[in-house]
Amino acid sequence: VVVVVVFFTWVILQIFPVVLSSLVYERQQKLRIMMKMHGLGDGAYWVTSYIYFLAISLIYMSCYFVFGVLTGLTIFNLNSYGVQCIFYFVFTNLQISFAFLLAALFANLKTASVVAYTIVFGTGIMAFLLFQPLVNDASFPRGWLIVLELYPGFSLYRGLYELSKFAQGAFKIGTYGMYWEYLSSSSNGMREVLIIMSVEWVVFLIAAYYLDQVISSETGNRRSPLFFLPSSQKKHLASFQKPSFQSQESSVQMEDNDVLREREKVEQLLNQPHPNYSAICYNLKKMYPGKDGNPNKVAVKELSLALPCGECFGMLGPNGAGKTTFISMMTGLLEPSSGAAYIEGLDLRTQMNEIYGSMGVCPQHDLLWETLTGREHLLFYGRLKNLKGSALSQAVKESLKSFNLFQGGVGDKAAGKYSGGMKRRLSVAISLIGDPKVIYMDEPSTGLDPASRKMLWDVVKCAKQDRAIILTAHSMDEAEYLCDRIGIFVDGNFQCLGTIDELKARYGGSYMFTMTTSPEHERDVEVLVKHLSPHAKKTYHLYGTQKFELPKDEAKIFDVFLTVKLAKQKFTVQSWGLADTSLEDVFIKVATEAQ
């Protein structure tokens, strides 16, 4: 009997690692974040996930039960089908709830899988070596036995043991095993097991949701431990500073004139809203509290920005400047420390769920299900954007064609078989599905070949006509091709704002002169350049290659050619070049001066 019970315990628990691994996989791959940013709320995610896992588990348990009945095993045929079905149904739900509870504590799939299978096989072994002798020991306190049964694995074992024991006794005397009327017997542990499992089913679900909101950091936005209290919610809203148009001299006195004008425009729009502006930020700030005696870290410093419909705004900045923090706040993944932001007139602080429905996101890394096809991805995210029926099918078809994922059945292949470039195109397509009004793109053309990059740029440029796009990029070519305005972001704030031509005119009053020689002639090149332009500034130097910034009022193009001709007569010039200021030069100059 004991061997049979241990075996059935292992069989039933096999579904537990599947559920736990699936939940942790979505967390590790940041798929849940992706779904959240496209409008799938926590409630909808929990309900759909629970129903899905319940359906899978019930199919598995049905096969298990039918197989047991058809093979004529006494534990299935002699006990009441009703008692068995209720027992298996309750434990199936408890097992799913337990998996949700543990999933909130794991961020790594391998770790979760190891723990899950350790629980499965450890339960059978511990039940056999520890729990079973205590069940048979009449002197062992019943209360302590109930305490042990609070662990779901022991509850399962105890229930299976009671079914097996009743079936074995019934087989010997030729009668029936456990029926409903036998549950009231003091010697039958099935009743207490059903009560314990039913209560834990609900308690584990509530605890799992609580831990998911308070402990889980997958979204980077943990809620207060008392978030369910009305007073805590009021305190939460009060923690945001309301927009104030008092003097900001202390915080903005070092800002560029165009940044100040942008702030003034935002203040005007907050006083007199204009429907043409899709996104407005005012004094948005994110500060991380210091730890271990370190000072507080301000990632974003009172940023103000007004983004009209039809504009693609490019954010350029070095790594660690705060661009990702800003995007995370705008997409609801991080909570602003202060300030205000409005998307399509909706308050970022209180109406984020409504904002998700009009927002598209293309993250820096491709967040895709390996087993779903490109078409299934677009169908899923299209439904989240309230597309249905023929409108959904047509939108998916057009999207696949626009991003060159339609021909040859590419859209119907699993995303796990896609190349890096195909995954990138699919990620951009997902961000545009459902006609979102505001789109955030984080380096959208990363990993694409030149032809695919140009195709993607053309699609994005066409798509911006009736929506606003915020784009972060390290590619200056991408920024110049797509962006109507550029903001260079350094140390948590904009250092300058404007169109590309405006920035080049403002910061590009010089030529960029480059010359490559052998290392021993580097000093000779410096002397020649200083003779050509006394205020020339070296901006780059690497093993014989030097780059100089020549003020246009000092260096004439004819003089540059004459200097190069003289240099060639004195030493070997491997290569040289003269160019007007590029966006990359503007970026390097602004970023260097700011730092």
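Bear in mind that the values here come from a model prediction, so they are computed numbers and not experimental data. (Residues numbered from 1 in each chain as written. Predicted model: local features only at pLDDT ≥ 70, side-chain atom pairs only at ≥ 80, totals over all residues. Heavy atoms only, no water.)

Observations concerning the environment of serine 184
Link 1 in the chain: Checked against the element boundaries, serine 184 lands in the loop between helix H9 (152–173) and helix H10 (190–214).
Link 2 in the chain: For serine 184, a relative accessible area of 56% translates into the label exposed.
Link 3 in the chain: For the pair serine 184 and serine 582, spaced 398 residues apart in sequence, the C-alpha separation works out to 85 Å. (Helix = DSSP H or I, 4+ residues; strand = E, 2+ residues; numbered from the N terminus. Buried < 20%, exposed > 50% of the residue type's maximum accessible area, 1.4 Å probe, protein only.)

Focus: the UniProt feature "domain: ABC transporter" (unreviewed entry) in the chain
Link 1 in the chain: Per the UniProt record, "domain: ABC transporter" (unreviewed entry) is found at residues 282–516.
Link 2 in the chain: The span residues 282–516 carries 34% helix and 28% strand; its end-to-end C-alpha distance comes to 47 Å. (UniProt positions renumbered as here; feature names shortened; annotations may be inferred.)

Focus on the packing of aromatic side chains
Link 1 in the chain: Evaluation of the coordinates by the stated rule reveals 29 aromatic pairs.
Link 2 in the chain: Residues phenylalanine 131 and tyrosine 157 carry aromatic rings whose centres are separated by 6.2 Å and whose planes lie at 80° to one another, so their mutual orientation is edge-to-face. With phenylalanine 131 in helix H7 (residues 109–136) and tyrosine 157 in helix H9, this pair connects stretches of sequence that are 26 residues apart.
Link 3 in the chain: According to the relative accessible area criterion, phenylalanine 131 is buried, its value standing at 0%.
Link 4 in the chain: Here tyrosine 157 falls in the buried class, since its relative accessible area comes to 1%.
Link 5 in the chain: With a centroid separation of 5.3 Å and an interplanar angle of 90°, the aromatic rings of phenylalanine 561 and tryptophan 576 are classed as edge-to-face. Of the two residues, phenylalanine 561 sits in helix H23 (residues 557–570) while tryptophan 576 sits in strand S14 (residues 573–580), which places them 15 residues apart along the sequence.
Link 6 in the chain: Since its relative accessible area comes to 48%, phenylalanine 561 is described here as partly exposed. (Phe/Tyr/Trp six-rings, centres within 6.5 Å; stacked < 30°, edge-to-face > 60°.)

Considerations on helix H21 (residues 500–507)
Link 1 in the chain: For H21, the complete set of buried residues consists of Ile500, Leu503 and Tyr507. Along the long axis of H21, the arc covered by the buried residues comes to 65°, so they all point the same way. Residues Asp501 and Ala505 are exposed on H21 and point more than 90 degrees away from its buried face.
Link 2 in the chain: Packing partners of the buried residues in H21 comprise helix H13 (257–271), helix H20 (476–482), strand S9 (485–490), strand S10 (493–498) and helix H24 (583–594). (Arc of directions from axis to C-beta. Contact = heavy atoms within 4.5 Å.)

Quick look at a nonpolar patch on the surface
Link 1 in the chain: Together, Ile125, Met126, Phe128, Leu129 and Leu130 give the surface a local cluster of nonpolar side chains, amounting to about 470 Å² of exposed area.
Link 2 in the chain: The topology assignment puts methionine 126 in helix H7.
Link 3 in the chain: What makes methionine 126 partly exposed here is its relative accessible area of 42%. (Patch = residues over 30% accessible without salt bridge, like charges linked within 9 Å, V, L, I, M, F, W, Y side chains within 5 Å. Areas by Shrake-Rupley, 256 points an atom, 1.4 Å probe, with all protein chains shown as cover. Salt bridge = Lys/Arg side-chain N within 4 Å of Asp/Glu carboxyl O.)

A look at the environment of valine 199
Link 1 in the chain: Following the sequence through the fold, valine 199 ends up in helix H10.
Link 2 in the chain: For the pair valine 199 and histidine 38, spaced 161 residues apart in the sequence, the C-alpha separation amounts to 35 Å.

Some words on the pairing of S10
Link 1 in the chain: For S10, the tally of buried residues reaches 5 of 6 residues, placing the bulk of the element in the interior.
Link 2 in the chain: As paired strands, S9 and S10 are joined by 5 bridges and run antiparallel to one another. Of the residues in S10, the one forming a bridge with glycine 487 is leucine 497.
Link 3 in the chain: In this structure, the hairpin formed by S9 and S10 is closed by a connection of 2 residues, where aspartate 491 is found at a positive phi of approximately 55°. (Pairing = 2+ DSSP bridges.)

Overview of the confidence of the model for the chain
Link 1 in the chain: Confidence in the prediction of the chain, expressed as mean pLDDT, is 85, and 93% of residues score 70 or more.
Link 2 in the chain: Ignoring residues within four places in sequence, the model shows residues 235–242, a span with pLDDT below 50, making 12 contacts including any to other chains.
Link 3 in the chain: Contacts for the low-pLDDT stretch residues 246–254, under 50 throughout, to residues beyond four places or in other chains number 6 contacts. (pLDDT = per-residue confidence, 0-100.)

Here we look at the sheet that holds strand S3 (residues 312–316)
Link 1 in the chain: Within the open sheet, the 6 strands sit side by side as S6-S7-S8-S3-S9-S10. Their pairing is mixed. Pairing within the sheet leaves two strands with one partner each, and these edge strands are strand S6 (359–362) and S10. Going from strand to strand, the sheet's axes swing by 15° on average, the running direction of each strand aside.
Link 2 in the chain: Sheet topology places S6 next to strand S7 (residues 438–442); 4 bridges connect them, and they run parallel. When the sheet's bridge partners are listed, valine 361 is paired in S7 with tyrosine 440.
Link 3 in the chain: Along the sheet face, H21 touches S9 and S10 and points at about 105° away from the line of S10. (Axes fitted to C-alpha atoms, helices over the stretch in contact; angles between N-to-C directions.)

Considering the UniProt feature "transmembrane region" (unreviewed entry) in the chain
Link 1 in the chain: Within this numbering scheme, the UniProt entry marks residues 6–25, 45–67, 87–107 and 114–131 as carrying the feature "transmembrane region" (unreviewed entry).
Link 2 in the chain: Between the C-alpha atoms that bound residues 6–25 the distance is 29 Å, and the span itself is 95% helix and 0% strand.
Link 3 in the chain: For residues 45–67, helix accounts for 100% and strand for 0%, while the C-alpha atoms at its two ends are 33 Å apart.

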